[in-house]
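Analysis of the macromolecular model
Residues per chain, in single letters:
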Amino acid sequence: MTTRLERIEVPDAVAAEERARRVVLAAFAVREPVPRPRRRRRVAIGVVLAACAVALAAASPPGMAVVDRVREVVGVERSAPALFSLPAPGRLLVASDSGVWVVGTGGEKRLLAGYSEASWSPFGRFVVATREHELVALEPEGDIRWTLARPAPHGARWTGTRTDTRVAYVDRSGLRVVAGDGTGDHLVASAGRAPVAWRPGSAHVLAYVVADGLHVRDVDTGRVLARARSPLRTGLHTELEWSADGRRLLVVNDGVVLVFASDGTLLTRSTREYGRVIDAAFRPRSHQVLVARFRGGGQSTVSELESGRTVFSGTGVFDEITPSPDGRWLLVEWRTADQWVFVRLQGHRVIRAVSGIAKQFRGKAVVEGWCCAR
Amino acid sequence: MAGAGRDERAWVRGAQRGSASDLEALFHAHWPAAYRAAYLVIHDAALAEDVAQEAFLAAIRNLDRFDRRRPFGPWLHRIVVNRAIDTGKARALRRESELTEGDAIREDAEPPDSSVLRALGGLPPEQRAVVVLRHLLGYTPGEIARLLELPRGTVNSRLRRGLDAMRESL
């Protein structure tokens, strides 16, 4: 058994080791060793010397740059110890090991325990969440409106107008759609897989993953409007997102971002030259794409896809990026620093950071959505 | 073996004093087994990379508190396997991309020992972890019980059930 386990080929082993080596060494380079009591005097002398060195370095303009870089190398130095408020109106949905959290603009948090993932209804009045064998629509305060027993539902997304909504999700039978009041559940495509993304607008048009690429389907008529044959690696984490006007669809898969027109024509594909794409998002109300990448040397960046202009960078690994509903801020989940960093996208550059995210959300936290200024 | 242990203690001591080259030596000595163990428990290369990487980052954060008279490997493997079990359970609930086993096999070239991988994949994460700790990393049931903070009887029963199920599958 030992020999057979040792002979199993682990995919991407060499590249994975190199990526991990860079991250680990970068984190090690900026760690703060805990002084041992018996060496207090020597450490104190070291601290004084280090402080003198930093002061001397900071005295010259190039030195200032070095100091700034050190401050931001693994985490923004001046960070809030807790999420006291959001910088923009709206509420966050956050999934963690303990369940799904609703976070208000003033930093107030409510735990919806027992759910593994969730997303907002179109106007943020309700949440659709999943647990082991149940799809659940509930109010953000926790009151359940309806439930639907299904085998291993996941990837639920809600769309529609104030009077007519649909929820798409995937279970073991394939891609299914149910009305916003929990009625009329039906199978749309047995080959459909998560993730799914509703095209903005009043028509019920849905993009979803199939074995050989993407389909865009009108779920009311059943007609497939577009097929994009793309070599997606379906075993890997995939993201789908429409632009606000429904004319562009971005896909993140296997370390690259692809942008399609609504008819399935591939418009842009990122190269791996600038690193592995972790996440991407449209700037609200535009076709500009922001991309989070893990680059060489243990560095991660968020930059504009077309211009390459860097919006934010740091050491280690970023997770997801989420624009605020008003488009003024971008939330960057900085996993290595255990911080959330809010970067202002409009006007002069402002950065606000919050530390201790895992502790606040009782486990690894993932932002599922930021919805709906009221 | 004793020489390897001395090397490791020297690397830990050096890393605690801030030596990047000693930390790198520790990384190279332990990454392959950590990544392989995570992969065999989770069955997803990207998630396994995350888990093994986060285990090393956690180890760095706690390096100053580490008792260097003890071996580094079990300490790291405990973090890796516990995180891999948690991730495996969370993944079973989240299922970001529904991929049946048949699809996965069609998509990738058949690896040389895919039957073992498939058989292992059929076990719950807790049983996979015990099989990996016993048969890949070479821990005794008593050591596994201490690593996972489980009764020894539980380790033995998970191991027996896991191996029985794998035998049937193979």
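This is a predicted model, so every value here is computed, not measured. (Residues numbered from 1 in each chain as written. Chains lettered and ligands numbered in written order. Predicted model: local features only at pLDDT ≥ 70, side-chain atom pairs only at ≥ 80, totals over all residues. Heavy atoms only, no water.)

This part is about the overall build of chain A. A tally of helices and strands in chain A yields five helices and 29 strands. In chain A, the share of contacts with a sequence separation of at least 24, taken over all contacts with a separation of at least 6, comes to 40%. Put simply, chain A shows about 17,200 Å² of open surface, and 51% of that area lies on carbon and sulfur atoms. (Helix = DSSP H or I, 4+ residues; strand = E, 2+ residues; numbered from the N terminus. Contact = heavy atoms within 4.5 Å. Areas by Shrake-Rupley, 256 points an atom, 1.4 Å probe, with all protein chains shown as cover.)

Counting its regular elements, chain B contains nine helices and zero strands. Along its sequence from the N terminus, chain B presents helices and strands in the succession α-α-α-α-α-α-α-α-α. For chain B, with 170 residues in total, the buried portion stands at 48%. Sequence separation of at least 24 residues holds for 62% of the intrachain contacts in chain B that already meet a minimum separation of 6. For chain B, the accessible surface area stands at approximately 8,000 Å², while carbon and sulfur atoms represent 49% of it. (Buried < 20%, exposed > 50% of the residue type's maximum accessible area, 1.4 Å probe, protein only.)

Before going further, it helps to spend a moment on the nonpolar core. Within the largest apolar cluster, 61 residues are counted, with the highest numbers of intra-cluster contacts made by B:Trp31, B:Tyr35, B:Tyr39, B:Leu40, B:Leu76, B:Leu120 and B:Leu133. Residue contributions to this core peak at twelve residues, all from helix H2 (residues 20–42) of chain B. Residues in contact with B:Leu120, not counting those within four places in the same chain, are A:Leu5, B:Leu40, B:His43, B:Arg128, B:Val131, B:Val132 and B:Met166. (Core = buried A, V, L, I, M, F, W, Y, C linked by side-chain atoms within 4.5 Å.)

What follows concerns the sheet that holds strand E1 (residues 79–80) of chain A. Residue and element names in this part refer to chain A. Read from one edge to the other, the open sheet built from five strands follows the order E1-E28-E27-E26-E25, with strand pairing classed as mixed. In this open sheet, the two edge strands, each paired with only one partner strand, are E1 and strand E25 (318–323). One ladder, built from four bridges, connects E25 with strand E26 (residues 329–334); its direction is antiparallel. Paired with Pro323 across the strands is Leu330, a residue of E26. (Pairing = 2+ DSSP bridges.)

If you look at the interface, chain B gives 49 residues, while chain A gives 49 residues. In total, about 4,600 Å² of surface goes out of reach between chain B and chain A, with carbon and sulfur atoms giving 56% of it. Counting across the interface, chain B meets chain A through four salt bridges. With its nearest N and O atoms 3.8 Å apart, the salt bridge here joins A:Arg276 to B:Glu49. Between the two partners, chain B and chain A, sit five residue pairs in polar contact (both at pLDDT 80 or more). Among the secondary structure elements, those contributing two or more residues to the side of chain B that touches chain A are helix H1 (2–16), H2, helix H3 (45–61), helix H4 (72–94), helix H5 (101–107), helix H6 (114–121), helix H7 (125–135) and helix H9 (152–169) of chain B. With eleven residues, the single largest contributor to the side of chain B that touches chain A is H2(B). Among the residues making up the side of chain B that touches chain A, the classes are represented as 26 nonpolar, eight polar and 15 charged. (Buried area = accessible area lost by both parts, 1.4 Å probe. Salt bridge = Lys/Arg side-chain N within 4 Å of Asp/Glu carboxyl O. Polar contact = N/O pair within 3.5 Å; in protein donor to acceptor, adjacent residues only side chain to side chain. Nonpolar A, V, L, I, M, F, W, Y, C, P; charged D, E, K, R; others polar.)

Take the environment of A:Gly363 next. Residue and element names in this part refer to chain A. Structurally, the position occupied by Gly363 is in the loop between helix H5 (357–360) and strand E29 (366–371). Along the primary structure Gly363 and Ser98 are separated by 265 residues, whereas in three dimensions their C-alpha atoms are 6.9 Å apart. With sequence-adjacent residues up to four places away left out, Gly363 is seen in contact with Ser96, Asp97 and Ala358.

What follows deals with the sheet that holds strand E18 (residues 248–253) of chain A. Residues and elements named next belong to chain A. Read from one edge of the open sheet, four strands run E17-E18-E19-E20, paired in antiparallel fashion. Taken across any chain shown, the strands that pair with only one partner, and hence form the sheet edges, are strand E17 (238–242) and strand E20 (266–269). Neighbouring strand axes in the sheet, compared pairwise and without regard to direction, differ in orientation by 20° on average. In the sheet, E18 pairs with strand E19 (residues 256–261) via six bridges, with the strands oriented antiparallel. Paired with Leu250 across the strands is Val259, a residue of E19. (Axes fitted to C-alpha atoms, helices over the stretch in contact; angles between N-to-C directions.)

What follows concerns the pattern of salt bridges. Taken as a whole, this structure holds 22 salt bridges over all chains when the rule is applied. Its salt-bridge partner being A:Asp164, residue A:Arg166 comes within 2.6 Å of it at the nearest N-O pair. You can call A:Arg166 buried: its relative accessible area is 18%. Measuring nitrogen to oxygen at the nearest pair gives 3.0 Å for the salt bridge that ties A:Glu304 to A:Arg283. One end of the pair, A:Glu304, is in strand E23 (residues 299–304); the other, A:Arg283, is in the loop between strand E21 (276–282) and strand E22 (289–294), with 21 residues separating them in the sequence. Take A:Glu304 and A:Arg283: they sit in the same class, and that class is buried. In this structure, a network of salt bridges that share partners links the residues A:Asp319, A:Arg335, B:Asp50, B:Glu54 and B:Arg83.

Moving on: the packing of aromatic side chains. In total, this model carries 14 aromatic pairs over all chains according to the counting rule given. Here the aromatic rings of A:Phe312 and A:Phe318 are separated by 5.8 Å at their centres, their planes lie at 25°, and the arrangement is stacked. On the basis of relative accessibility, which here comes to 0%, the residue A:Phe312 falls in the buried class. Joined through ring pairs, the aromatic side chains of B:Phe27, B:Trp31, B:Tyr35 and B:Phe56 make up one cluster. (Phe/Tyr/Trp six-rings, centres within 6.5 Å; stacked < 30°, edge-to-face > 60°.)

Quick look at helix H2 (residues 13–29) of chain A now. Each α-helix winds once per 3.6 residues, and so residues spaced three or four apart point in a common direction. With 17 residues, H2(A) extends 24 Å between its outermost C-alpha atoms, agreeing within 8% with the 24 Å of an ideal straight helix rising 1.5 Å per residue. Burial in H2(A) covers these residues: A:Ala16, A:Glu17, A:Arg19, A:Ala20, A:Arg21, A:Val23, A:Val24, A:Leu25, A:Ala26, A:Ala27 and A:Phe28. (Expected span 1.5 Å × (residues − 1).)

Here we come to the pairing of E23(A). Residues and elements named next belong to chain A. Across the six residues that make up E23, a large majority, six, are buried. In E23, alternate side chains face the same way, and those of Gln299, Thr301 and Ser303 on one face and Ser300, Val302 and Glu304 on the other are all buried. The pairing of E22 with E23 spans five bridges and is antiparallel. By the bridge assignment, Val291 is partnered in E23 with Ser303. The antiparallel pairing of E23 with strand E24 (residues 310–315) creates a hairpin that spans five residues between the two strands, and Gly308 there sits at a positive phi of about 80°.

This part takes up the pairing of strand E10 (residues 165–171) of chain A. All names here are of chain A. Of all seven residues in E10, seven are buried, a share of seventy percent or more. By the alternation rule, side chains of E10 split into Thr165, Val167, Tyr169 and Asp171 and Arg166, Ala168 and Val170, which are all buried. When strand E9 (residues 154–160) meets E10, the two strands line up antiparallel, connected through five bridges. Pairing of His154 across the sheet is with Val170, part of E10.

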